[in-house]
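Structural overview for review
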Amino acid sequence: MLAEDSSSMGDGSVTPRLGNMKALLGIVAGAGASYGIYKLISGGSLRRNKRSGGSEGPPVRSSQPSEVSLQRGSLLDKVSGLDVVCPRPHVASDDIIHQSPGNLEPQHLKMLLSCLQTSTNPSDRCRIILTLGNAAAFTVNQNLIREFEGIHIIAGFLSDPAPEVRVQTLNTLNNLCMNIPNQEQIKVYVPQVLELIEMSPVNSELQLGALRLLTNLSVTDKHQHLLKGSITLLLSLLVVSNEALQVQALKVLVNLSSNPDMMDDIVQAQAPASVVLLFDARTAPAVLLRLLTFAGNLKAWRPSTQVADELRRKQDCLFRVMLDESSQLQSRLVQLLSHPDGEVQAQVARILT
């Protein structure tokens with residue numbers, strides 16, 4: 001369709017092995033950052049799945065801690081101040097330093113999930129979730145994280161008090177959502193994700209991250225029914241949001257309107273009358289092209305006379321705003337035939353014929 005305050009938890013009582021663990025997390029997260037796809041780079045926002053508040057999977061056990069000596073001036077020494085208190089897995093630090101997200105081993109993922117559950121520092125939680133999200137760009141890690149109950153652990157942070165943690169959670173779930181088996185677990189958080197969109201500031205990274213997740217979850221029709229009640233919310237975002245959010249909301253609407261089984265719910269949804277004003281030459285091309293795709297999908301739907309009459313009696317429903325004979329859409333489409341963008345002209349012509 002595919003940001004941090006930190007408070008130190010360490011004191012003189014923290015042993016070297018804990019410092020080494022902290023260093024390990026910092027190195028893994030740093031190495032993973034270059035592999036983050038756009039969703040993860042876009043900021044620290046994503047919280048998600050409004051889904052009934054993220055259930056937790058069973059804790060993942062890490063292996064016994066081991067002592068590692070720090071060489072003065074080494075990279076490990078320089079980053080050893082990261083405040084993450086959790087046991088250090090038995091793994092060579094040099095190996096971790098040179099790992100890319102695609103080469104993380106199962107014990108590394110287990111360790112990160114374990115540390116995530118015990119971290120009390122929002123900055124550290126962000127870093128761990130970011131690293132897991134970068135690793136989730138690879139199918140093997142998507143499967144491993146699911147098998148380690150990591151999806152439920154990660155989704156639990158959709159309700160984290162820190163907005164930046166919620167954003168990174170949404171981004172990581174979005175990567176995990178590229179895996180079809182993972183969608184079966186992620187879908188339960190849809191209500192929570194929708195709530196994030198409703199309750200978050202307009203044009204925030206939280207809203208954008210949530211919409212990206214819903215876009216991937218709605219690519220196929222298997223889980224689209226979970227979004228039946230969100231049509232009005234998505235339409236409302238179109239008239240109050242910036243271009244980036246409009247594009248993402250339209251990606252979801254285009255996905256849903258491509259499914260004939262969703263059309264009854266779409267046309268009955270309450271819609272702001274100002275939606276038709278977006279069919280204008282001044283609208284950004286990226287938004288306008290998707291609007292036209294959405295409108296084309298709607299116009300391909302052919303209701304019976306009886307159904308059309310019933311919809312006309314529904315105040316402010318999308319049918320009346322965009323499909324009824326009284327709608328302004330038809331005249332606005334005619335005006336767009338002279339749009340300077342050839343692709344816009346072609347889409348308009350297809351809709352009108």
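Each remark here, short or long, concerns the structure printed above.
Conventions used here
- Residues numbered from 1 in each chain as written.
- Predicted model: local features only at pLDDT ≥ 70, side-chain atom pairs only at ≥ 80, totals over all residues.
- Heavy atoms only, no water.
- Helix = DSSP H or I, 4+ residues; strand = E, 2+ residues; numbered from the N terminus.
- Buried < 20%, exposed > 50% of the residue type's maximum accessible area, 1.4 Å probe, protein only.
- Areas by Shrake-Rupley, 256 points an atom, 1.4 Å probe, with all protein chains shown as cover.
- Axes fitted to C-alpha atoms, helices over the stretch in contact; angles between N-to-C directions.
- Parallel < 35°, antiparallel > 145°, perpendicular 65-115°, else oblique.
- Contact = heavy atoms within 4.5 Å.
- Nonpolar A, V, L, I, M, F, W, Y, C, P; charged D, E, K, R; others polar.
- Salt bridge = Lys/Arg side-chain N within 4 Å of Asp/Glu carboxyl O.
- Phe/Tyr/Trp six-rings, centres within 6.5 Å; stacked < 30°, edge-to-face > 60°.
- Left-handed = near helix turned anticlockwise from the far one by under 90°.
- Patch = residues over 30% accessible without salt bridge, like charges linked within 9 Å, V, L, I, M, F, W, Y side chains within 5 Å.

Comments concerning the overall build of the protein
Secondary structure assignment for the protein yields 20 helices and one strand. Put simply, the protein has 353 residues, and 54% of those count as buried. Summing over all exposed atoms, the protein offers an accessible surface of approximately 15300 Å²; the carbon and sulfur share of this is 51%.

As for the environment of D124
Mapped onto the fold, D124 is located in helix α6 (residues 122-135). The spatial distance from the C-alpha of D124 to the C-alpha of V165 is 9.4 Å, given a sequence separation of 41 residues.

What to know about the packing of α6 against helix α9 (residues 163-176)
Interaxial distance between α6 and α9 falls to 9 Å at its minimum, and their mutual angle equals 10 degrees. Relative to α9, the element α6 lies roughly parallel. Judged by residue contacts, P122, R125, C126, I129, L130, L132 and G133 of α6 engage E164, V165, Q168, T169, T172 and N175 from α9. In terms of residue class, the contact of α6 with α9 is built from six nonpolar, five polar and two charged.

A look at the pattern of salt bridges
What the rule picks out here adds up to eight salt bridges. Among the ionic pairs, K222 bridges to E184, the shortest N-O distance being 2.9 Å. With K222 in the loop between α12 (205-217) and α13 (231-240) and E184 in helix α10 (residues 180-186), this pair connects stretches of sequence that are 38 residues apart. Look at E184 and you get partly exposed, because its relative accessible area is 30%. Through salt bridges with shared partners, a single ionic network connects E184, K187 and K222.

What to know about the packing of aromatic side chains
A full pass over the atoms with the stated rule returns one aromatic pair. Pairing W301 with F319 gives two aromatic rings, centres 6.4 Å apart and planes at 85 degrees, and the pair type is edge-to-face. Taken together, the residues W301 in the loop between α16 (285-299) and α17 (305-312) and F319 in helix α18 (residues 318-323) connect sequence positions 18 residues apart.

Points about the packing of helix α14 (residues 243-257) against α16
Helix packing geometry: the angle between the two helix axes and the distance between the axes. At a minimum axis separation of 9 Å, α14 and α16 run at an interaxial angle of 20 degrees. Taken together, α14 and α16 sit at an angle that is classed as roughly parallel. Considering the relative orientation of α14 and α16, their crossing is left-handed. Touching E243, Q246, V247, L250, K251, L253, V254 and S257 of α14 are A286, V287, R290, L291, T293, F294 and N297, all from α16. Grouping the amino acids of the contact of α14 with α16 by side-chain chemistry returns eight nonpolar, four polar and three charged.

Focus: helix α11 (residues 190-199)
Note: α-helices contain 3.6 residues per turn, so residues at a spacing of three or four share the same orientation. Taken as a whole, α11 has its buried residues at V190, Q192, V193, L194, L196 and I197. Structurally, α11 contributes buried residues whose contacts are with α9, α10, α12 and α13.

Description of unusual backbone geometry
When glycine is set aside, most residues are seen to have a negative phi, and most peptide bonds are trans. Residues other than glycine seldom take positive phi values, yet E149 does so here, at roughly 65 degrees. Its location among the elements puts E149 in the loop between α7 (139-147) and α8 (150-155). Judged by relative accessible area, E149 falls into the partly exposed class, the value being 28%.

With respect to a nonpolar patch on the surface
Together, V202, V239 and V240 make up an exposed nonpolar region whose accessible area comes to about 220 Å². Position of V240 relative to the elements: it lies in helix α13. Assessed through its relative accessible area of 48%, V240 is described here as partly exposed.

Details of the side chain of Q185
Within the fold, Q185 resides in helix α10. For Q185, a relative accessible area of 19% corresponds to the buried category. Setting aside anything within four residues of it in sequence, one finds Q185 in contact with R146, I151 and H152.

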